[in-house]
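# Chain and residue survey
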Amino acid sequence: MAAIDYQSLIPNNVNLDSDKRLQRALEKWQPAYLDWWNQMGPESFQLHDVYLRTAVSTEPGGWAQFGYVKMPDYRWGIFLADPVADRRIQFGDHIGEPVWQDVPGEYRNVLRRIIVTQADTEPASVEQQRWLGMTAPSVYDMRNLFQVNVEEGRHLWAMVYLLHAHFGKDGRDEADDLLARRAGDADKPRILDAFNQPCPDWLTFFCFTCFTDRDGKYQLGALAESGFDPLSRTCRFMLTEEAHHLSVGETGVERVLRRGAQLAKIDRNGDARAQGGIPIAMTQRWVNYWYCYSLDLFGSEISTNAADFFGAGLKGRWAEAKDYEEHTALNQWHQMAVVEQGKLTSRDVPLRNAMNEVLRDAYMKDTERVVRRWNVALEEEGVADRITLPSSRFFRRQGIYANLPFNPEGELISAAELARRTPEWLPTEEDRTYVTSLMHRVEDPGQMANWIAAPRRGIHGNPVEFEYVRPPMA
Amino acid sequence: MAEIAYPAVNFETHPSRYVHWHLAVNGNVAVLSMKVQEDGGMWPGKYELKLNSYDLGVDVELADAVQRLRFEHPGVRAVVVTGGYDKVFCAGANIRMLAQSSHAFKVNFCKFTNETRGGIEEATAQGGAVYLAALNGTASGGGYEMAMACKEIYLIDDGNSAVSLPEVPLLGVLPGTGGLTRLTDKRKVRRDMADVFCTKAEGFKARDAVKYGFVDAAFPRSRWQTSVDERAAVVAAANPGAPDAFPVLLEALAPVWTDEQHLDYRYVSVRFDRAARIAHLTLRAPDSAPSASSATWSLRAWRELDDALLRLRVNDLDIGLLVVKATGSAQAVLDADAALGTQGWFGREVRLFQARVLRRLDNMAKSIFALVEPGNAFAGSLFEVVLAADRSYMLEDDDGENAVCVTDVSAGSFPMHSGLTRLQSRYPGDTAAPDRVLRHGGTIDTDAAGTLGLVTLTPDEIDYEDEVRIAIEERASLSPDALTGMEQNLRFGGPESMDNKIYGRLTAWQNWIFQRPNAVGERGALKMFGAPERPVFDYKRT
């Protein structure tokens, strides 16, 4: 067998060329990954030339090289952010000790679980989104979808690198399983629920990238604080890419809202739907659904695992070093609303056990900023409607509020009232049928689907109408 | 956390009152599904039974279901034990409950759950229903131990669900309620793979679990229900069961406290002398002719004894000595025993139950003295109680009327955990002795009983009262821990069986580890579970 030129095939800064262990692992995994991509990646566009950003190094400019590439030829690379000299564990029980370059045996299983859970989300979203290219509202949007997809693929590579490099045979088995599970599959579902939900329309895609990928940002941020240095460096580099996904989602929803406002103004009855748009109230229901589903991803409000992860120095808080002065989180409490005997009351929880909630709080603040920007856009469009975020207790499927009848204001109501009013608050079947009916592919690079406003600018200095995706040569 | 001072536990329940289990019988297959109510714990407000974790109350229902399946649904040939929630079968014993329990309670809890599991295994082994565990989600700790009590284990293969015994890595204690022993002795798992399994908190998912024998088969989600149903149907069809069986509804026992010191059943009375830490247990012989119903003495009286033993164990920790007498007509006991021999399935099933009660007696962490006095009813099945006692005192009366009666039920109807009969166990150095006793047959007077070694001491009328009083007072003065250890050692002489090992190791290793600072000290693993800080171990090996 001819030697594989790893360096050009797989851009990396982890000395893949000389690492026999990694090479052996990838010899088997890389072809399996390509099979998976060809089978589960974007349907019908694998031979198109797509104007994509590729990371070829961690140098400034190196992580964002633009050019046309067919997706299966995308150079999925392995990058760790540059090491920080004399980095120390900055929280938990090992505070002040040098960070670990190798997995401490004591935490091996826990770390593997953390990494596998994060890794599982990356291919899952590619699978969920694989049909969306066929209904892209513009060539510009189609390109963004594919950019998100290939980068989720790269994030899978990044996590698989950790499994291959640090977890031996168990790690290789887990890496194989990551390619065996399938989003929404009855037999081999993805680990987390939100990643088994279908993504049948572009409003869902925008909400997913805005809310669900934002959970990813916060998870990666918390893991970037990790005392296991390779995980920290991997996550720091991934965060630079994640920002693009969030902006695709945030601006996507904003463009749907703007267009909804514009069409409502045109319509004599103020009905965006009559003009073929998506009413703002309907978008609100999508926001509610995906925001709440994404809140579930942070785990239970009161969590033994969260306390263990923090105590062990494996998973910190968002901006642990910058935003906090005290880093043991011992003898501190977090006040939390809990339901006892059918009533909301407040309870003090040991801070370490509330770390999921602390991270969720940071996430919620971030999403509030996003919603404020949407509302500025609605104000600019001259309509009175505003988007609001529901309470973190509404429509939860995990944690202490799971399956309890809360309204979007976070008040306990009767189950009957919840059932009666759910159609106001969450997408109905009829909503979904309508939104799906709007989904038609727009192939002309200069055009946008009627239900979405054009973006302000194109990609990498190119105009919006640039031909970001080109069909294969006949 | 403060230890819970708990109210008396009631071991009687009925399917109509189950909170956590649902029993559905469909033809020759029954489904027992576990859907533990989080707020339905025995001590409301102290802990939540999350993730289908269990406390004693949950296991009391399971034990009741297993017992009722035998008597009330004898047509059932296969029982599928499964979970009522998606994604989790059972997370084992509730850790917060354990953390708040006294050591004595933990021991009793583990013992009872194991007796329930032993009951499941016995039902399977004795031609009743074959138990099958259908793990529709992760089974960890006691959840997997419960599954191991079943003959076959199926695990859903959904890429997530696993079987695990995470006690060592997560809690610093043992999967000691039979878990370790069943891995090696029952499932015949290689010991090195068992070592890997027991130190890997997340356990093994379907592929490895099947490969190394931790489960028997795995089915994908889309074929889960049909695969389990098919397997249950096959197992049920292959199990001939007992063609002459008929449903016997188990009537309620409903004992009465006549005052603080007296708990009365129809055939059993318990008189508490709490100051002296003694319970006087009186077993009364049948007062009516045998029948094939739950009112018949052979079933009713033994269920009463069983219930009384459970209450004594869990609710009366201060009682250190059981003084047992049997009163009434010895002949009536022999008649009742004989009737069972003619009652086919019913007789056999009742005898198996009596054997379980006697094993429960063997497992008591209390001293047992039998007092054999004139007019006693220690005959046949009841004589086994004398054999189970740590000591027996038989009055040598002037008239020579005091007697016991050994029958052939002592030749094998009531095996101990070791597999030996109590007669075999009694004479470790004399293999001919059991036969000698059995050949003697009929009534055995005090003199003969003493010669045959069937009783410990045979004081005459002048000495008897004082001998007994002194023995009781002396017993009450000794260290309760040393006594429990001594009695368990002496009761279980002879060979080891899987059952034997389970209880022996439960009372030795598991309890030792449960007591150690590394588990229950201020920074012990069990104490720290769920707390924001991590455990601190004293790494010295003992």
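Residues numbered from 1 in each chain as written. Chains lettered and ligands numbered in written order. Predicted model: local features only at pLDDT ≥ 70, side-chain atom pairs only at ≥ 80, totals over all residues.

## What to know about the overall build of chain A
Check the secondary structure of chain A and you find 13 helices and five strands. Compactness check: chain A gives a C-alpha radius of gyration of 23 Å against a globular reference of 23 Å for 474 residues, within 12% of the reference. Considered along the principal axes of its C-alpha atoms, chain A spans approximately 70 × 70 × 40 Å. Looking at chain A residue by residue over its 474 residues, the buried ones come to 47%. Expressed as a percentage of contacts within chain A between residues at least 6 apart in sequence, the contacts between residues at least 24 apart total 69%. (Helix = DSSP H or I, 4+ residues; strand = E, 2+ residues; numbered from the N terminus. Rg over C-alpha atoms; globule rule 2.2 N^0.38 Å. Buried ≥ 20, exposed ≤ 12 C-beta atoms within 10 Å, placed from the backbone. Contact = placed C-beta atoms within 7 Å.)

## Notes on the overall build of chain B
Within chain B, the secondary structure is distributed over 21 helices and 21 strands. Here the C-alpha radius of gyration of chain B, 24 Å, is about what a compact globule of 542 residues would show, namely 24 Å. Projecting the C-alpha coordinates of chain B onto the three principal axes gives extents of approximately 75 × 55 × 45 Å. Put simply, chain B has 542 residues, and 49% of those count as buried. Counting contacts in chain B only where the partners sit at least 6 residues apart, residues at least 24 apart contribute 73% of the total.

## Considerations on the nonpolar core
Formed by 163 residues in total, the largest nonpolar core has its most connected members in Val-79, Leu-132, Leu-135 and Val-404 of chain B. Structurally, this core is a two-domain feature, drawing no fewer than three residues from each of domain 1 (15-238) and domain 2 (256-486) of chain B. Ignoring anything within four residues of it in the chain, the contact list for Val-404 of chain B reads Val-372, Phe-378, Ala-379, Phe-383, Val-386, Ile-444, Ala-449 and Leu-454 of chain B. Of all hydrophobic cores here, the second largest spans 127 residues; its members include Leu-132, Trp-157, Phe-310 and Trp-318 of chain A. (Core = buried A, V, L, I, M, F, W, Y, C linked by C-beta atoms within 7 Å. Domains from an automatic or database assignment.)

## Here's the deal with the sheet that holds strand 1 (residues 21-26) of chain B
Residue and element names in this part refer to chain B. The strand order across the open sheet formed by six strands is 1-2-4-7-9-12, and the pairing between neighbours is mixed. Across the chains shown, the open sheet's two edge strands, defined by having one partner strand only, are strand 1 and strand 12 (217-220). Within the sheet, the average angular offset between the axes of one strand and its neighbour, ignoring direction, is 20°. Each of strand 1, strand 2 (29-34) and strand 4 (78-83) touches helix 1 (residues 56-72); the most contacted strand, strand 1, lies at about 20° to it. (Pairing = 2+ DSSP bridges. Axes fitted to C-alpha atoms, helices over the stretch in contact; angles between N-to-C directions.)

## Quick notes on the domain arrangement of chain B
Residues and elements named next belong to chain B. Each domain of chain B was delimited in the assignment, giving domain 1 (15-238) and domain 2 (256-486). Using only C-alpha atoms to locate each centre, domain 1 and domain 2 end up separated by 34 Å. Between domain 1 and domain 2, the residue contacts involve ten residues of the former and nine residues of the latter. Where the side of domain 1 that touches domain 2 is concerned, the elements lending two or more residues are helix 1 and helix 3 (103-125).

## Quick word on the sheet that holds strand 8 (residues 137-140) of chain B
In sheet architecture, strand pairing relies on hydrogen bonds along the backbone and comes in two forms, parallel and antiparallel. Residue and element names in this part refer to chain B. Taken together, four strands build an open sheet; the order of strands is 5-8-10-11 and the sheet is mixed. Where the open sheet ends on each side, the last strands, each with one partner, are strand 5 (87-90) and strand 11 (204-205). Relative to strand 10 (residues 162-164), strand 8 runs parallel, the two being bridged by two bridges. The partner of Ser-140 across the bridge, within strand 10, is Ser-164.

## Focus on the confidence of the model for chain B
Considering every residue of chain B, the mean pLDDT works out to 94; 99% of them sit at 70 or more. Here the predicted complex carries an ipTM of 0.77, next to a pTM of 0.87. (pLDDT = per-residue confidence, 0-100.)

## Digging into the environment of Ala-134 of chain B
Residue and element names in this part refer to chain B. Residue position: Ala-134 is located in strand 7 (residues 130-135). Using a count of 27 C-beta atoms within 10 Å as the deciding quantity, one classes Ala-134 as buried. Separated by 311 residues in sequence, Ala-134 and Asp-445 have C-alpha atoms that sit 54 Å apart. Those residues in contact with Ala-134 that lie beyond four places of it in its chain are Val-80, Val-81, Thr-82, Tyr-154 and Val-228.

## A few points about the interface of chain B and chain A
Each partner contributes residues to the interface: chain B has 14 residues there, and chain A has 20 residues. For the side of chain B that touches chain A, the residue count by class is four nonpolar, four polar and six charged. (Nonpolar A, V, L, I, M, F, W, Y, C, P; charged D, E, K, R; others polar.)

## Regarding the packing of helix 2 (residues 20-40) of chain A against helix 5 (residues 168-180) of chain A
Describing two packed helices takes the angle between their axes plus the distance from one axis to the other. Residues and elements named next belong to chain A. Contact geometry of helix 2 with helix 5 gives a least axis separation of 10 Å together with a crossing angle of 10°. In terms of orientation, helix 2 lies roughly parallel with respect to helix 5. Residues Ala-25, Trp-29, Ala-32, Tyr-33 and Trp-36 of helix 2 lie in contact with helix 5, whose contacting residues are Arg-172, Ala-175, Asp-176 and Leu-179. Classifying every residue of the contact of helix 2 with helix 5 gives seven nonpolar, no polar and two charged. (Parallel < 35°, antiparallel > 145°, perpendicular 65-115°, else oblique.)

## Here's the deal with the environment of Asp-17 of chain A
Inspection of the secondary structure puts Asp-17 of chain A in the loop between helix 1 (6-9) and helix 2. Among residues more than four places away in sequence, those in contact with Asp-17 of chain A are Tyr-6 and Gln-7 of chain A.

## Regarding the pairing of strand 1 (residues 49-54) of chain A
All names here are of chain A. In terms of strand pairing, strand 1 meets strand 2 (residues 65-70) through six bridges, oriented antiparallel. Opposite Asp-49, over in strand 2, you have Lys-70 as the bridge partner. Note that strand 1 and strand 5 (residues 469-470) share two bridges and pair antiparallel. Counted as the bridge partner of Asp-49 is Arg-470 from strand 5.

## Focus on the pairing of strand 16 (residues 278-284) of chain B
All names here are of chain B. The buried count for strand 16 comes to five of seven residues, which makes it a mostly enclosed element. Summarising the sheet, strand 15 (residues 268-273) and strand 16 pair through six bridges and their orientation is antiparallel. By the bridge assignment for strand 16, Val-268 is matched with Leu-283. Taken together, strand 15 and the strand that follows it, strand 16, pair antiparallel across an intervening segment of four residues, in which Arg-277 is found at a positive phi of about 60°. Here seven bridges tie strand 16 to strand 17 (residues 321-327), and the two strands are oriented parallel to one another. Note that in strand 17 the partner of His-280 across the bridge is Val-323. Handedness of the β-α-β unit built from strand 16, helix 10 (residues 297-315) and strand 17 comes out right-handed. (Right-handed = clockwise from strand over helix to strand, strands pointing away.)

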